[in-house]
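Residue strings, one per chain:
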Amino acid sequence: MRENPYLYALVTAVAAIIFIVLSSYGVGLLARFFAKLTGATRRKQENTFAGYLFASPWIVGFLIFVIVPMGFSLYWSFTDYRVISNQPANWVGFDNYTQLILKDSGFRASIINTLYLTAIGLPLQMAVALFLAVMLSQNMRGERIFRMAFYLPVILGFNTAVLLAWRLMLNTGTGIINQMIRAAIQAFPPLGYVNRAIIFAQELASAFFLGLSNGKFTLLTKVWEAGFPAANRVPLWVQSPLWSKMSVVLLMIWGCGAMMLIFLAGLKNIPKELHEAAEVDGANSWKRFWKISFPLLTPYIFYNLIVGMINALQIFEPIYVLYRDNQPLIPSAMSMVYYLWQASFSHFEIGYGSAISWVIFIIILIVTVIQFKMQDRWVHYDLY
Amino acid sequence: MREIFPIIKRILLYIFLTGATILMSFPLFWMISSSLKTLEETNSAGIIWFPKAPTLAAYISIFQNEAFLRSYFNTVFYTTLSLVGTLISIAVVAYAFSRIEWPGRELVFFLMLSTMLIPPQALIVPQYVFFNKLKWVGTFNPIIIPGFFAGGAAMVFLLRQSMSQIPKELDESAFVDGANHIQIFWEVVMPLIKAPLATVATFLFVGLWNSLLAPLMYLQTVDLYTLPVYVSTLYNINLTVQQWPTIMTAAVLTTVPLMVVFFFAQRFILEGVVVSGLKG
């Protein structure tokens, strides 16, 4: 049976369903028993049974796939457990964590890279999403088609196939993106200065983050001393450590459609009377946006910020597809999750990998909690 | 003069939006166009928007590539099986959270929502060890079976919202007629939430079809590869010349089902994004 993988999967699926039904029935009976003990009415006993029966697929799955694994990984994170060696795990105390936080330069680089994606990529992504939403919110004809076109990248999103299309487009020499940049500059030379200024700013920012991750800012001073980029410079997308993260940011911006839809829904919820009244008072549309729309949008911005941050902190696919095996580039691009994958599954160090997962989990938790704490300062719910 | 100004503004807006649409869809266009080019054309130093003599050579050769066809079949197989199991279990659990009153409901529901904060990657290491112990590594099981346990708190939430809107009188009259919860679930509630079910099914489909990390970890032989894993092997950094027409052909064929589903389900998706996001 194991020889045929499809048959094996089907048989296991049936077995899993039987297991779910039986365990749910068991949980239901147990719940009814406890309800009976507390002297509930017959109707209530039946409801308790049915409730736990129907909720059990999740409860049982939660225990098997979340609680128990988390417990084990917490334990393993204090051991030197390796999955291929048959030796039992040895308790090593906080060694994994001190190694990880104090000594592991690879992990520090991955945190800084992820920080770059969150601190530079996410604001850009949200700004583009908001801008598109504002443009679309003016009662446009064909809004549906535009919405579809802007959302399609989210569906295709991080599929390997689409990422490879980006890889092709991002080639430095022959890639279509750089060819279009060159063509645009040739047609309209002043654009060259915009291009060079963007390259300069991006490389400075990138060099700063690379400096953070290895503690030496030699690259930053080098970029600064090289000065304003030469006229024939183009972005070195997937070729230079200074650009490897920017390519991922480009992908994030391309996938801003989900955020755009949320913003659009928010903009449509704003009462028209507010804008009309302000217009009568002589406020122009720029002023109306910042004084009326923007404060009313803050709950939506908050939502996008939280979701976007969690997504940015978990980026894996683009790094894997664009930079896997690319030795000189990978340290400048790898994300926290990529590092986790590398440590756990190319070296099978489960103890160390578990420690990495816990650190990632705690980082995401801290960032989310800080966001929720800060929301009182700038998110206005009272306007609804 | 005052009337002309808004019209100009409108025209500019349309030009901008059309431009943005072209930019957003450009990678797709480029993917298709490149799949019809020759190898020289994909590496050309000048811009070739459309190949001069479109060639289907890459398509013909990929349909003879057994590993690609197999990975296609694997993806369809695992996506279908996982989708059906996940969808039904999610609906069952959503029913418990919306149509039945039971002690502990709010607590369990809160617990479920809080799992959304746990990054799935934080669990991959111990789950890998668990599946390794079950001897499931190297089979489809680890990427199919976990979904059967109502995987996806956000989706349960979305269905619960729709189920709560169905009037309670419907179940009560069915109860009087002697129906039990299972019958009510299947015969009364499910037919009334077809649209939200379609939304959830679409999201699940997209997630499964695109999934890379889990298949990469568990399907360790080429025979079992799903499309994202197989297609990623086509691009090999160690080669000096990449077979771009072949890679882009594989990419087009991988994305076709996504586009078909998006085309037919876009109404559900566009609404679902907003509902799942905002009622939370």
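What you see as residue numbers is a count from 1 along each chain, following the sequence as written. The naming scheme follows written order: chains are lettered A onward, ligands numbered 1 onward. Thresholds applied to this predicted model are a pLDDT of at least 70 for local features of residues and 80 or more for the giving and counting of side-chain atom pairs; totals over whole chains, interfaces and linings are not thresholded and use all residues.

Colleague: I'm lost on the overall build of chain B in this one. Help?
Modeller: For the purposes of this entry, the term helix denotes a DSSP run of H or I that reaches at least four residues, the term strand denotes a run of E that reaches at least two, and both are numbered from the N terminus. Summing up its helical and strand segments, chain B has 14 helices and 0 strands in all. When the helices and strands of chain B are read in sequence order from the N terminus, they spell out α-α-α-α-α-α-α-α-α-α-α-α-α-α. Each radius of gyration is computed over the set of C-alpha atoms, and the globule rule expresses the reference value as 2.2 Å times the number of residues to the power 0.38. Here the C-alpha atoms of chain B give a radius of gyration of 24 Å, more than 25% beyond the 19 Å that 2.2 N^0.38 yields for 280 residues. Across its three principal axes, chain B shows a C-alpha extent of roughly 75 × 75 × 35 Å. When the 280 residues of chain B are sorted by exposure, 45% land in the buried category. Residues are scored as being in contact if the C-beta atoms we place from backbone atoms lie within 7 Å. Restricting to contacts in chain B with at least 6 residues of sequence separation, those with at least 24 account for 77%. Neighbour counting defines burial: a residue surrounded by 20 or more other C-beta atoms within 10 Å of its own C-beta is buried, one with 12 or fewer is exposed, and intermediate counts give partly exposed, using backbone-placed C-beta atoms.

Colleague: What is the right way to read the overall build of chain A from this model?
Modeller: A tally of helices and strands in chain A yields 17 helices and 0 strands. Computed over C-alpha atoms, the radius of gyration of chain A comes to 26 Å, more than 25% over the 21 Å expected from 2.2 N^0.38 for 384 residues, which places it beyond the range of a compact globule. Along the three orthogonal principal directions, the C-alpha set of chain A runs to about 80 × 65 × 45 Å. Sequence-distant contacts, at least 24 apart, represent 68% of the contacts inside chain A between residues at least 6 apart.

Colleague: What's the story with the interface of chain A and chain B in this structure? I'm lost.
Modeller: How big an interface is tends to be stated in terms of the accessible area lost upon association of its parts. Every contact between the two is made by 85 residues of chain A and, on the other side, 82 residues of chain B. The leading source of residues in the side of chain A that touches chain B is helix α2 (residues 42-76) of chain A, at 19 residues. Residues belonging to the side of chain A that touches chain B are distributed by class as follows: 62 nonpolar, 19 polar and 4 charged. Any residue outside Ala, Val, Leu, Ile, Met, Phe, Trp, Tyr, Cys, Pro, Asp, Glu, Lys and Arg is labelled polar, Gly included; the first ten of those are nonpolar and the last four are charged.

Colleague: Just checking my understanding: could you explain the environment of L210 of chain A for this structure?
Modeller: Inspection of the secondary structure puts L210 of chain A in helix α8 (residues 191-214). The residues touching L210 of chain A, leaving out its near neighbours within four places in the chain, are L219, P241 and S332 of chain A.

Colleague: What's the story with helix α12 (residues 272-280) of chain A in this structure? I'm lost.
Modeller: Each full turn of the α-helix corresponds to 3.6 residues, which orients residues three or four apart in the same direction. Among the 9 residues that make up α12 of chain A, 0 are buried, leaving the element largely open to the surroundings. Note on α12 of chain A: the residue one or two positions beyond its end, G282 of chain A, has a positive phi of about 90 degrees.

Colleague: Just checking my understanding: could you explain the packing of helix α17 (residues 350-378) of chain A against helix α6 (residues 121-133) of chain B for this structure?
Modeller: Any two packed helices are characterised by how steeply their axes cross, that is the angle between the axes, and by the distance between the axes. Helix axes are fitted only over the stretch in contact, all axes being lines through C-alpha atoms; the angle between N-to-C directions runs from 0 to 180 degrees. Two numbers describe how α17 of chain A lies on α6 of chain B: the axes approach to 8 Å, and their chain directions differ by 155 degrees. Classed by the angle they form, the pair α17 of chain A and α6 of chain B counts as roughly antiparallel. The interaxial crossing formed by α17 of chain A with α6 of chain B has left-handed handedness. Side by side, α17 of chain A and α6 of chain B meet where I350, G353, S354, S357, I360 and F361 of chain A of the first sit next to Q121, A122, V125, P126 and V129 of chain B of the second. Classifying every residue of the contact of α17 of chain A with α6 of chain B gives 7 nonpolar, 4 polar and no charged. Note on terminology: angles under 35 degrees are roughly parallel, angles over 145 are roughly antiparallel, angles of 65 to 115 are roughly perpendicular, and the others are oblique. By definition, turning the near helix anticlockwise from the far helix through less than a right angle yields a left-handed crossing, and turning it clockwise yields a right-handed one.

Colleague: What exactly am I supposed to notice about the environment of W102 of chain B here?
Modeller: Considering the arrangement of structural elements, one finds W102 of chain B in the loop between α4 (66-99) and α5 (105-114). Each residue touching W102 of chain B, except ones within four places of it in the same chain, is listed here: N47, T48, G51 and Y52 of chain A.

Colleague: What should I look at first to understand the nonpolar core in this one?
Modeller: The tendency in soluble globular proteins is for nonpolar side chains to be buried as a group. Think of a nonpolar core as buried Ala, Val, Leu, Ile, Met, Phe, Trp, Tyr and Cys residues chained together by C-beta atoms that fall within 7 Å. V93, V156 and A251 of chain B are the most contacted members of the largest nonpolar core, which has 187 residues in total. Excluding anything up to four places from it in sequence, V93 of chain B contacts F54, A55, P57 and W58 of chain A together with A150 and V156 of chain B.

Colleague: Can you help me understand the packing of helix α13 (residues 285-313) of chain A against α17 of chain A in this one?
Modeller: Residues and elements named next belong to chain A. Put simply, α13 and α17 touch, their axes get as near as 11 Å, and they point 170 degrees apart. In terms of axis orientation, α13 runs roughly antiparallel to α17. Crossing of α13 against α17: the hand is right-handed. Contacts between α13 and α17 involve T298, F302, L305, I306, M309, I310 and L313 on the former and, on the latter, I363, I364, V367, T368, Q371, Q375 and W378.

Colleague: How do you make sense of unusual backbone geometry when you look at a structure like this?
Modeller: A negative phi angle is the norm for most residues apart from glycine, just as the trans form is the norm for most peptide bonds. Despite not being glycine, D325 of chain A shows a phi value in the positive range, around 65 degrees. You can see D325 of chain A is positioned in the loop between α14 (317-323) and α15 (330-333). Overall, D325 of chain A belongs to the exposed group, with 11 C-beta atoms counted inside 10 Å. With a phi angle near 60 degrees, K135 of chain B is a residue other than glycine that sits in the positive phi range. As for its position among the elements, K135 of chain B is in the loop between α6 and α7 (141-144).

Colleague: Sorry if this is basic, but what is going on with helix α5 (residues 143-156) of chain A here?
Modeller: All names here are of chain A. Over its 14 residues, α5 extends 21 Å from the first C-alpha to the last, a length consistent with the 20 Å expected when each residue adds 1.5 Å. What is called the bend at a residue is the angle between a pair of axes, fitted to the seven residues leading up to and ending at it and to the seven starting from it. Of all the bends in α5, the greatest reaches close to 30 degrees and is centred on F150; the proline P153 follows between one and four positions later. With 10 of 14 residues buried, α5 is to be regarded as a mostly interior element. The set of residues buried in α5 consists of F146, R147, M148, F150, Y151, L152, P153, V154, I155 and L156. Following α5 by one or two positions, G157 has its phi on the positive side, about 30 degrees. A helix's residues, less one, multiplied by 1.5 Å, set its expected span.

Colleague: Could you clarify how one ought to interpret the domain arrangement of chain A in this entry?
Modeller: In terms of domain boundaries, chain A breaks down into domain 1 (5-76) and domain 2 (101-172 + 236-378). All the domain ranges listed were derived from an automatic or database domain assignment. One C-alpha centre belongs to domain 1 of chain A, the other to domain 2 of chain A; they are set 36 Å apart.

Colleague: Teacher, can you tell me more about the confidence of the model for chain B here?
Modeller: For residues with low pLDDT, the predicted coordinates do not support detailed interpretation. A residue-level look at chain B finds 97% of positions with pLDDT of 70 or above and a mean pLDDT of 89. Taken over the whole predicted complex, pTM reads 0.91, whereas the ipTM for its chain interfaces reads 0.90. What pLDDT reports is the predictor's confidence in each residue, on a scale of 0 through 100.

Colleague: What is the right way to look at the confidence of the model for chain A in this model?
Modeller: Per-residue pLDDT for chain A averages 89, and the proportion of residues at 70 or more is 98%. Summarising per-element confidence for chain A, the mean pLDDT is lowest in α12 of chain A (85) and highest in helix α1 (residues 5-37) of chain A (95).

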